[in-house]
Amino acid sequence: MTETTLPNPVPPITPDTTEFWEATKRGELLLQRCTSCQSVIWYPRMMCPECSGTSLEWFTGSGKGEIYSWTKTRKGLGDYAKAGPFILAYVQLEEGPKVMTNIVDWTDEDLVIGKPVEVAFTPTEDGTALPRFRPAK
Ligand SMILES: [Zn+2]
């Protein structure tokens, strides 16, 4: 494992993401489902990207998924400029959507396409938490 200190920036919270970020305080990964076409949606928003429906319902996701793709990022930007090498990945959630995120607590053996991962919340200064993923136990 490479020593990395990821920043934990406070997320920008908008009316359509308030419920999501409130749930992170409880360690829950909320997802949205379109009540018209049943698509599971990531990231949180006001309108279904599949059918443009505006009737979305929240539900608590399993927090489980697998690595869909990953890369080791050696030089980040902004808050991530001093992080050192870190893992940027797409995780495909059990519920379907692919989430761009970081993999944490990894070893080289963990960085494999299809490797099971689980959500790991990192607290921020405002009490919310950033959903990242670690190899499943
Ligand atoms: Zn829809």
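Read on for an overview of the structure. Keep in mind the model is a prediction, meaning the values are calculated, not measured.

**Some remarks on the overall build of the protein chain**
Alright, step 1. The helix and strand inventory of the protein chain stands at one helix and eight strands.
Alright, step 2. In the protein chain, the succession of helices and strands from N to C terminus is α-β-β-β-β-β-β-β-β.
Alright, step 3. For 137 residues, the compact-globule estimate of 2.2 N^0.38 gives 14 Å, and the protein chain sits close to it at 15 Å.
Alright, step 4. Taken along the three principal axes of its C-alpha coordinates, the protein chain extends 45 × 35 × 25 Å.

**Topic: the coordination of the zinc ion**
Alright, step 1. At 2.3 to 2.4 Å from the zinc ion lie its protein donor atoms, namely Cys34 (SG), Cys37 (SG), Cys48 (SG) and Cys51 (SG).
Alright, step 2. For the zinc ion, the four donor atoms are set out with angles of 103 to 116° between them, so the coordination reads as tetrahedral.
Alright, step 3. On the primary sequence, the residues serving as donors to the zinc ion are separated as C-x2-C-x10-C-x2-C.
Alright, step 4. Assessed through its relative accessible area of 2%, Cys48 is described here as buried.

**Comments concerning the sheet that holds strand S1 (residues 30-34)**
Alright, step 1. Ordered in space as S2-S1-S3, the three strands form an open sheet in which the pairing is antiparallel. One side of each edge strand has no neighbouring strand; the edge strands of this open sheet are strand S2 (40-41) and strand S3 (56-60).
Alright, step 2. In this structure, S1 lies alongside S2, joined through two bridges in antiparallel fashion. Across the sheet, the residue bridging to Arg33 is Val40, located in S2.

**As for the nonpolar core**
Alright, step 1. Counting residues in each nonpolar core, the largest one holds 20 residues, and the members touching the most others are Ile87, Val91, Leu93, Ile103, Val117 and Phe133.
Alright, step 2. For this core, the secondary-structure elements that each account for two or more residues are helix H1 (18-25), S1, strand S5 (86-93), strand S6 (98-103), strand S7 (116-123) and strand S8 (129-135).
Alright, step 3. Here this core takes four residues from S5, the largest share from any one element.
Alright, step 4. In contact with Val117, not counting residues within four places along its chain, are Gly63, Lys64, Gly65, Glu66, Ile67, Val91, Ile103, Phe133, Arg134, Pro135 and Ala136.

**Side note on the pairing of S8**
Alright, step 1. Of all seven residues that make up S8, six are buried, and the element is covered over most of its length.
Alright, step 2. By the bridge criterion, seven bridges tie S7 to S8 in an arrangement that is antiparallel. Bridging across to S8, Val117 finds its partner in Pro135.
Alright, step 3. Connecting S7 to the antiparallel partner S8 that follows it, the hairpin turn spans five residues, and Gly127 within it adopts a positive phi of roughly 95°.

**Brief notes about H1**
Alright, step 1. Within the span of H1, buried status applies to Phe20, Trp21, Ala23 and Thr24. When H1 is viewed along its axis, its buried side chains cluster within an angular range of 155° and face the same direction.
Alright, step 2. Check the buried side of H1 and you find it contacts S1, S3, S7 and S8.
Alright, step 3. Taken from the residues just after H1, Gly27 is the one with a positive phi, measuring 75°.

What counts, and where the lines are drawn
Residues numbered from 1 in each chain as written. Predicted model: local features only at pLDDT ≥ 70, side-chain atom pairs only at ≥ 80, totals over all residues. Heavy atoms only, no water. Helix = DSSP H or I, 4+ residues; strand = E, 2+ residues; numbered from the N terminus. Rg over C-alpha atoms; globule rule 2.2 N^0.38 Å. Donors = N, O, S within 2.8 Å, 3.2 Å for Na, K, Ca; no water. Tetrahedral: all angles 85-135°; square planar, octahedral: opposite > 155°, others 65-115°. Buried < 20%, exposed > 50% of the residue type's maximum accessible area, 1.4 Å probe, protein only. Pairing = 2+ DSSP bridges. Core = buried A, V, L, I, M, F, W, Y, C linked by side-chain atoms within 4.5 Å. Contact = heavy atoms within 4.5 Å. Arc of directions from axis to C-beta.

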